[in-house]
Amino acid sequence: MVLPEASPAAANPACRLGRRRRRAGADPAVRRNRVAAAWGHALLAAAPAPLLMGLASATGSEPVTLGLAGLALTSLALQVRRLRSAARIVTRHRDNLARLAAPAVARLVAETDAVTLRAGWEQEATVLFADIRDFTRLCETLSPGEVAAFLAEFRHRAAGAVEAAGGLVDKFVGDEVMAVFGIPHAGADDTDRAVAAARALAAAMLAWSRGRARAGLPPVRIGIGLHRGPVFVGAIGAERVEFTVVGDTVNVARRLEQMTRTTACDCIASEAVVRAATSGEARVVAVQPVRGARAVLRLFALALAPSGRVPSPMDRDSSA
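About the criteria used
Note on numbering: residues in each chain are counted from 1, in written sequence order. Residues qualify for local features only when their pLDDT is at least 70, as the model is predicted, and side-chain atom pairs are given and counted only at 80 or more; totals for whole chains, interfaces and linings, by contrast, use all residues. Where side-chain values are given, they derive from all heavy atoms of the structure, hydrogens and water being excluded. Helix and strand assignments come from DSSP, with helices taken as H or I runs of at least 4 residues and strands as E runs of at least 2, each series counted from the N terminus. Only heavy atoms enter the contact rule, under which two residues are in contact if any of them lie within 4.5 Å. Accessible surface is estimated by sampling points in the Shrake-Rupley manner with a 1.4 Å probe; for residues, cover comes only from the protein chains shown. Patches were defined on residues exceeding 30% relative accessible area and lacking a salt bridge, with like-charge contacts within 9 Å and nonpolar side-chain contacts (Val, Leu, Ile, Met, Phe, Trp, Tyr) within 5 Å. By salt bridge we mean one thing: a side-chain nitrogen of Lys or Arg within 4 Å of a carboxyl oxygen of Asp or Glu. Here the term buried applies to any residue with accessible area under 20% of the maximum for its type, exposed to any over 50%, and partly exposed to those in between, with areas from a 1.4 Å probe on protein chains only. Two strands are said to pair when DSSP picks up at least two bridges between them. Multiplying 1.5 Å by the helix residue count minus one yields the expected span of that helix.

On to the overall build of the protein chain, then. The helix and strand inventory of the protein chain stands at 13 helices and eight strands. Contacts spanning at least 24 positions in sequence make up 65% of the contacts within the protein chain whose residues lie at least 6 apart. Total accessible area on the protein chain is roughly 19300 Å²; 59% of this is exposed by carbon and sulfur atoms.

Spelled out as structure tokens, the structure:
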């Protein structure tokens, strides 16, 4: 009897196994199981190590419940990871803002919602302006880099005096500093803190000038203006937004600082400041209208630094 010849595929068990696998691969249920397994592996790969160890050691009688719990915990771990990433981004943005603005301003902007910042609000506040006397003469022999270093030193000392008294440095413009006290929450001691900052600023300039005198450099003198009244606080601008304080109170404070250049006093304060302050010596220096003010003002000179004038190199030369 002649037996029929077997085909190569029938004689080869590997070929039969391949056909079974291809038929199994064509089954939709099998494909779904494979996709689910792939997603499960991806989730497990993203899960933290403690979660994987907990799942490996679990011995439950319901494997389906265990699998769902594992997926839920993995999803929770991924959400925690996203929240941590978002927190790092917020912290980085706040740090970048702090490099471009005063720390107190950066903190206030970060903690206040954008709608409130845009709308702004009005409140009472005490405003301080300070400016270096004869800044042009001090810098006429300096290189641009030396001028920048000089301004950086002044701003460092000015910001330290203001912030130590609880004030907010609104801005620096060249050799001028503007500070506000009572933002964002007004207090009964806002004016006292502004006067304390003015005294600390004068003392800082005195100490700086003593060091400069030992190096044969001229002293640094400043003029200070103080005024109290209503102000507007908020983010102003369209494309380029600036958080600042504006109003007649700000304008008058700056005019008072400018008036120190023509009077024999280093700090001029309005009557509103003198009435609100609980301590400090003050004497009337003028009763006159001030540009930007709505009425005639009584202006007072405040005693700031202790007596002790720093000699300049010209004084030492003349005494010799």
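So, about a nonpolar patch on the surface. A cluster of nonpolar side chains, Leu73, Leu76 and Val80, forms an exposed patch at the surface whose accessible area comes to about 240 Å². Mapped onto the fold, Leu76 is located in helix H5 (residues 63–100).

This part takes up the pairing of strand S1 (residues 121–132). Side-chain direction in a regular strand flips from residue to residue, so the side chains alternate between the two faces of the sheet. With nine of 12 residues buried, S1 is to be regarded as a mostly interior element. Across 12 bridges, S1 lies against strand S4 (residues 222–236) in antiparallel orientation. Directly across from Asp131, in S4, lies its bridge partner Gly223. In this sheet, strand S3 (residues 176–181) lies alongside S1 in antiparallel orientation, the contact comprising six bridges. Each residue of the ladder has a partner; that of Phe129, found in S3, is Met178.

With 25 residues, helix H10 (residues 190–214) should cover 36 Å at 1.5 Å per step; its first-to-last C-alpha distance of 37 Å lies within 8% of that length. In the segment just after H10, Gly216 is the residue with positive phi, at about 80 degrees.

Inspection of the entire model under this criterion finds 12 salt bridges. Two residues, Asp131 and Arg261, come together in a salt bridge whose shortest N-O distance is 3.5 Å. Here Asp131 is found in strand S1, whereas its partner Arg261 is found in the loop between helix H11 (248–259) and strand S6 (267–270), with 130 residues between them in sequence. Classification of Asp131 as buried rests on a relative accessible area of 9%. According to the relative accessible area criterion, Arg261 is partly exposed, its value standing at 47%. For Arg275, the salt bridge is made with Glu271, and the minimal N-O distance between the two is 2.9 Å.

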